[in-house]
Amino acid sequence: CYMRSLRAIYNSAVKQKMTSQKQPFSDVFTGNKKTERRSMDKKDINKIISMPPEKNERLLLTHDIFAFCLFAMGMPFIDAYCLTKDKIHDGIITYKRHKTGQAVNVTIEKCMKAIINNYSRSESEFIFPLGQDEESFNYKAYHSALSQYNKYLKTIARKAGVTANISSYSARHTWASFAFKENVPLLVISQALGHTSTNTTLTYISEI
């Protein structure tokens with residue numbers, strides 16, 4: 001988008017004979033690429049979710065966070081990263097999207113409770129041990145955790161025999177796709193994802 005704008009400005013300069021270089025964008029892609037599919041089909045998801053427990057603790061943690069995010073109505077990785085005990089009351093997780101500030105309520109199912117209990121530690125306010133800063137949000141630490149998470153997700157997918165692309169976005173887009181296929185109203189899906197507009201939600205389910 002920025003390159004197209006820059007090209008338009010440059011072409012205006014060419015017309016005004018302000019430059020001798022006529023086509024500096026000849027080898028630059030300025031078109032629109034189709035958005036890469038981020039949701040996964042049920043067969044691939046089942047392969048990953050039903051994998052035997054990993055001996056590698058980091059792979060096991062990555063697997064469980066991915067499953068948790070999927071079960072938690074597509075919770076973004078950043079919100080799982082920031083998830084603390086004080087956001088859990090009476091079997092419900094109440095959190096605000098880090099990106100939009102929208103409030104989201106998630107009922108804790110048995111599969112989610114088992115994961116929470118497995119990782120919750122008395123010495124930390126955070127649910128998942130990802131090296132968070134107890135005092136404030138540390139972007140450097142977060143991006144490091146995100147990079148490692150995506151790396152291990154690809155390892156898990158490979159071991160499960162899944163060839164589809166997988167990333168931190170996959171659980172979120174997959175949940176939205178599953179919900180839509182089960183005839184959950186668009187507005188409900190949008191609220192569950194913490195979107196400020198259903199137009200954003202439509203980009204998730206347009207992959208189907």
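Draft legend 1. Spatial organisation of the packing of helix 2 (residues 42–49) against helix 3 (residues 57–71). Taken N-terminus to C-terminus, the directions of helix 2 and helix 3 make an angle of 135°; their axes are 10 Å apart at the nearest point. As the angle between them shows, helix 2 and helix 3 are arranged oblique. Contacts from Ile 45, Ile 48 and Ile 49 in helix 2 reach His 63, Phe 66, Ala 67, Leu 70 and Phe 71 in helix 3. Looking at the contact of helix 2 with helix 3, its residues break down into seven nonpolar, one polar and no charged.

Draft legend 2. Just the environment of Val 14, in detail. Checked against the element boundaries, Val 14 lands in helix 1 (residues 2–15). A relative accessible area of 17% means that Val 14 is categorised as buried. It is 51 Å that separates the C-alpha atoms of Val 14 and Ala 80, two residues lying 66 residues apart in sequence. The contact partners of Val 14, leaving out residues within four places of it in the chain, are Thr 19, Gln 21 and Lys 22.

Draft legend 3. Broad picture of the pattern of salt bridges. Taken as a whole and judged by the stated rule, the model has two salt bridges. Notably, a salt bridge pairs Glu 54 with Lys 159, separated by 2.9 Å at the nearest N-O pair. Linking Glu 54 in the loop between helix 2 and helix 3 with Lys 159 in helix 6 (residues 139–159), this pair joins segments that are 105 residues apart in sequence. Residue class for Glu 54 comes out buried when judged on its relative accessible area of 14%.

Draft legend 4. Fine view of the environment of Ser 120. Note on placement: Ser 120 falls in the loop between helix 5 (110–119) and helix 6. Residues Ser 120 and Thr 84, 36 residues apart in the sequence, show an inter-C-alpha distance of 9.2 Å. Not counting the four nearest positions on each side in its chain, Ser 120 is found in contact with Lys 85 and Ile 127.

Rules used in this analysis
- Residues numbered from 1 in each chain as written.
- Predicted model: local features only at pLDDT ≥ 70, side-chain atom pairs only at ≥ 80, totals over all residues.
- Heavy atoms only, no water.
- Axes fitted to C-alpha atoms, helices over the stretch in contact; angles between N-to-C directions.
- Helix = DSSP H or I, 4+ residues; strand = E, 2+ residues; numbered from the N terminus.
- Parallel < 35°, antiparallel > 145°, perpendicular 65-115°, else oblique.
- Contact = heavy atoms within 4.5 Å.
- Nonpolar A, V, L, I, M, F, W, Y, C, P; charged D, E, K, R; others polar.
- Buried < 20%, exposed > 50% of the residue type's maximum accessible area, 1.4 Å probe, protein only.
- Salt bridge = Lys/Arg side-chain N within 4 Å of Asp/Glu carboxyl O.

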